[in-house]
Amino acid sequence: MTRLLEVEDLEVGFGDVSAVRGASLAIERGETHCLVGESGCGKSVTALAIMGLLARNATRRAARLSFDGQDLRGLDERGMSRLRGDRMAMIFQEPMTSLNPAYTVGSQMAEVMLRHRGGTRAAAMARAEDLLGRVRITSPGMRLGQYPHQLSGGLRQRVMIAMALMCEPELLIADEPTTALDVTVQAQILRLLLDLQRDLGLAILLITHDLGVVARVAHRVSVMYAGEVVESAPVEALFAHPTHPYTSGLLGCVPVPGKVARGAPLGSIAGVVPRLGPEFRGCGFRDRCAHAAPACAQTIARRAAGPRHDYLCRLEPGLAGDAR
Amino acid sequence: MSGGGLIDVRGVKRSFRVKQGLFAAARHVAAIDDVSFAVAPGDVLGIVGESGCGKSTLARVILGLLPPTAGEVLVDGRRIAQMDRRERARLIQPVFQDPFSSLNPRRRVRDIVAMPLDAQGDRAGAEVARRVDAMLERVGLSAAQGQRYPAELSGGQRQRVAIARALVLEPRIVVCDEPTSALDVSVQAQILNLLAELRRDLGLTYLFISHNLAVVEHVATEVAVMYLGRIVERRETAALFGAPAHPYTKALLASVLTPEPGLGIPDTGLGDTMPDPSNVPPGCRFHPRCPVAIAACRSQAPALTRVVGGQAECHLVAS
């Protein structure tokens, strides 16, 4: 398969804080790649860096940042805005803050089409109505004339998805798209995303902190910690053989109905995610790791744990993962 | 089902007046509609349901922060409405979801924890300081952290402060309203373990409200499932998770995404209609979303039926 998006050694800094410290990931066409990690690990910043949406005070560097063979690093704002909303689209956690409260659903959706593809407003509205139907919103014609505040959270997120699909993007970046929703609605929205992916051959970069979501939708998973991808693997391999101590620790924290004995304490990771500066060397997890040793302060080499499965730890595969 | 509990909720209703638009007539929205249950000392009652089902309103009524429109809440055999604030505070305390907004940003951690003791007004300064120190240590905060302001602490540490503040008066009941929803999973596990340890050591009773069913399964001894202001099923935890009786409970459990690859995303069978508390359907209020509704569900409200380990409100549940 051809790689649609390639990111190598991405670094993003805000003043003296390094938010992303050499993260690499690649997404193939039609693939769901989950970027998982806790707040502050740099997963949302990575997405914004790919989309060229970082705040002005941020600095971005990368050895490679390409979309369908096109280098994004040299692209100016006009070039990026031609891609955004057209060939790559993004949806966010809180649809209420991403939709414009002063415009109807229909006019916001039509604008995407008119901006990138031109054509008549009537044609754009027809496309919007068609897509609202595809994301299974009932009476789509009526919804076109409604304002975002008239919709429930689940409906708003469906509108966001439909809007992202207006120009048939090849890559959809979804940042915690279901975190604000009830579990029942979450299941519906995720099913919808997977159906659309199958029908349209969409590549999805899904950012989430929810390991349940990751397990159910991902083809491939990258685990981020303190600005680095500490482990990347196909989903089955990651859950069956977590190799980085952080990954196995994280999996141990999640209560699983019927699997974790009630009353028994959950696994937990003491301490908090550190904020690291540009001068930091070695493993970012070492202050919270049970396997930490002086060697962890040295630069760590990436190792292979299996086919397409790599991790960032000085330990041999099988040594760290046995914490579970 | 009433009587004998440490918390005894009897036929509680709570409605709100809602006005949509400047000239629209005000309507009454029933956030809680005739809810009764009892919680025995030392138990953890988990309350689950979708947003807007009334679970947080129920918590506020039980805490005495909101008077019920009808019915009564008894705590330790006495009506909460008739207790004075100090007395209530010694008996029942809350821990809220968002430790970023529930702590006063201008006060040091130790002053926040000392506040309930000061409010009681009958304790000497040295006694207050001693109990605050003991409480901070109990929840895993250092003396140095006691001198800090909330903004200097992480989300998990702030939630520890909120727990310390709730427990410093040695209450018998703690109402936890989504206590870990704003936290990362590794920190969530720390807080859940702490709450379990405190309950065991101090003999506490919890009302534990959460939308995360996996968390509720882990901490609760009994679970109440709320839908549009009513408890539609109340069972012992193992019974509920092992064999849910109500179709709504089944759908909720089916929606839980356990971290098991290869299982895909389940079809909840709930359809796209969302519940509207200002427009409660006739008959069984769940029937418009129910995948197995029969004719009776559209016209007749189902009666409470006994099932293994509890009860459920559904026409299809055989007694």
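Residues numbered from 1 in each chain as written. Chains lettered and ligands numbered in written order. Predicted model: local features only at pLDDT ≥ 70, side-chain atom pairs only at ≥ 80, totals over all residues.

A. Highlighting the overall build of chain A. For chain A, the helix and strand inventory stands at 11 helices and 13 strands. Across its three principal axes, chain A shows a C-alpha extent of roughly 65 × 50 × 35 Å. For chain A, buried positions account for 48% of its 324 residues. Once local pairs closer than 6 in sequence are excluded, the contacts in chain A between residues at least 24 apart make up 66%. (Helix = DSSP H or I, 4+ residues; strand = E, 2+ residues; numbered from the N terminus. Buried ≥ 20, exposed ≤ 12 C-beta atoms within 10 Å, placed from the backbone. Contact = placed C-beta atoms within 7 Å.)

B. Molecular detail of the overall build of chain B. From N to C terminus, chain B includes 11 helices and 12 strands. Relative to the globule expectation of 20 Å for 319 residues, the C-alpha radius of gyration of chain B, 21 Å, shows essentially globular dimensions. If you line up chain B on its principal axes, its C-alpha atoms span 70 × 50 × 45 Å. Of all 319 residues assigned to chain B, the portion counted as buried reaches 46%. (Rg over C-alpha atoms; globule rule 2.2 N^0.38 Å.)

C. View of the environment of Ala-31 of chain B. All names here are of chain B. Mapped onto the elements, Ala-31 comes out in strand 2 (residues 27-39). Of the residues examined, Ala-31 has 23 C-beta atoms within 10 Å and is grouped as buried. C-alpha of Ala-31 to C-alpha of Lys-13: the two residues are 18 residues apart in sequence and 7.7 Å apart in space. Excluding residues that lie within four positions of it along the chain, Ala-31 makes contacts with Arg-14, Ser-15, Phe-16, Gly-54, Thr-57, Gly-229 and Pro-277.

D. Region of interest: the sheet that holds strand 10 (residues 220-225) of chain A. All names here are of chain A. The strand order across the open sheet formed by 8 strands is 7-8-9-3-10-11-13-12, and the pairing between neighbours is mixed. Each of the sheet's edge strands pairs with one partner strand only, and the pair in question is strand 7 (88-91) and strand 12 (302-306). Across the sheet, the axes of successive neighbouring strands diverge by a mean angle of 20°, strand direction being ignored. Examined bridge by bridge, strand 3 (residues 32-36) and strand 9 (residues 203-208) share 5 bridges and lie parallel to one another. Across the sheet, the residue bridging to Val-36 is Thr-208, located in strand 9. Packing against the sheet, helix 1 (residues 43-51) makes contact with strand 3, strand 7, strand 8 (171-175), strand 9 and strand 10, and its axis sits at approximately 150° to strand 8. (Pairing = 2+ DSSP bridges. Axes fitted to C-alpha atoms, helices over the stretch in contact; angles between N-to-C directions.)

E. Quick look at the interface of chain B and chain A. In this assembly, 39 residues from chain B lie in contact with 42 residues from chain A. For the side of chain B that touches chain A, the secondary-structure elements that each account for two or more residues are helix 7 (185-202), helix 8 (213-219) and helix 10 (247-254) of chain B. For the side of chain B that touches chain A, the leading source of residues is helix 7 of chain B, giving 8 residues. Residue classes in the side of chain B that touches chain A are distributed as 19 nonpolar, 14 polar and 6 charged. (Nonpolar A, V, L, I, M, F, W, Y, C, P; charged D, E, K, R; others polar.)

F. Spotlight on the domain arrangement of chain A. Residues and elements named next belong to chain A. Domain annotation of chain A identifies domain 1 (3-87 + 169-323) and domain 2 (98-168). Residue-level contacts link 14 residues of domain 1 with 12 residues of domain 2. Here the element with the most residues in the side of domain 1 that touches domain 2 is helix 8 (residues 183-200); it accounts for 7 residues. Grouping the amino acids of the side of domain 1 that touches domain 2 by side-chain chemistry returns 11 nonpolar, 2 polar and 1 charged. (Domains from an automatic or database assignment.)

G. Structural detail: unusual backbone geometry. All names here are of chain B. A positive phi angle, close to 55°, is found at Glu-170, a residue other than glycine. As for its position among the elements, Glu-170 is in the loop between helix 6 (155-167) and strand 7 (173-177). Judged by the 12 C-beta atoms lying within 10 Å of it, Glu-170 is exposed. Look at Glu-178: it is not a glycine, yet its phi comes out positive at around 50°. One can find Glu-178 in the loop between strand 7 and helix 7. With 19 C-beta atoms packed within 10 Å, Glu-178 lands in the partly exposed category.

H. Inspection of the environment of Thr-32 of chain A at higher detail. Residues and elements named next belong to chain A. Considering the arrangement of structural elements, one finds Thr-32 in strand 3. In this structure, the C-alpha to C-alpha distance between Thr-32 and Arg-314, residues 282 residues apart in sequence, is 29 Å. Filtering out sequence-adjacent residues up to four positions away, Thr-32 remains in contact with Gln-197, Ile-204, Leu-206, Val-217, Ala-218 and His-219.

I. Examining the sheet that holds strand 2 of chain B more closely. Residue and element names in this part refer to chain B. Here we have 4 strands laid out as an open sheet, ordered 2-1-4-5, and antiparallel in their pairing. The outermost strands of the open sheet, each flanked by one partner alone, are strand 2 and strand 5 (78-79). Where strand 1 (residues 7-18) lies against strand 4 (residues 70-75), 5 bridges are found, and the strand directions are antiparallel. Residue pairing in the sheet places Asp-8 in a bridge with Leu-74 of strand 4.

J. Quick peek at the pairing of strand 6 (residues 92-95) of chain B. Residues and elements named next belong to chain B. Neither face of strand 6 is open: one carries Ile-92 and Pro-94, the other Gln-93 and Val-95, and all of them are buried. Alignment of strand 6 against strand 7, held across 4 bridges, turns out to be parallel. Among the inter-strand pairings, Ile-92 is bridged to a residue of strand 7, identified as Ile-173.

K. View of the pairing of strand 4 of chain B. All names here are of chain B. Looking at chain direction, strand 4 and strand 5 are connected through 2 bridges and run antiparallel. Counted as the bridge partner of Val-75 is Arg-78 from strand 5. Remark: 2 residues form the turn of the hairpin made by strand 4 and strand 5, two consecutive strands paired antiparallel; Asp-76 in that turn has positive phi of roughly 55°.

L. Fine view of the packing of helix 4 (residues 105-117) of chain A against helix 5 (residues 121-134) of chain A. Residues and elements named next belong to chain A. Interhelical geometry of helix 4 versus helix 5 gives an angle of 115° and a closest axis separation of 8 Å. With respect to each other, helix 4 and helix 5 are oriented roughly perpendicular. Both helix 4 and helix 5 take part in a crossing whose hand is right-handed. Residues Gly-106, Met-109, Ala-110, Met-113 and Leu-114 of helix 4 touch helix 5, and the partners they reach there are Arg-121, Ala-124, Met-125, Arg-127 and Ala-128. Among the residues forming the contact of helix 4 with helix 5, the class breakdown is 7 nonpolar, 1 polar and 2 charged. (Parallel < 35°, antiparallel > 145°, perpendicular 65-115°, else oblique. Left-handed = near helix turned anticlockwise from the far one by under 90°.)

M. Quick peek at helix 1 (residues 55-62) of chain B. Residues and elements named next belong to chain B. Along helix 1, 6 of the 8 residues are buried, which leaves the element largely enclosed by surrounding structure. Three or more residues of helix 1 are buried, namely Lys-55, Thr-57, Leu-58, Ala-59, Val-61 and Ile-62. Immediately downstream of helix 1, the backbone of Gly-64 shows phi near 80°, a positive value.

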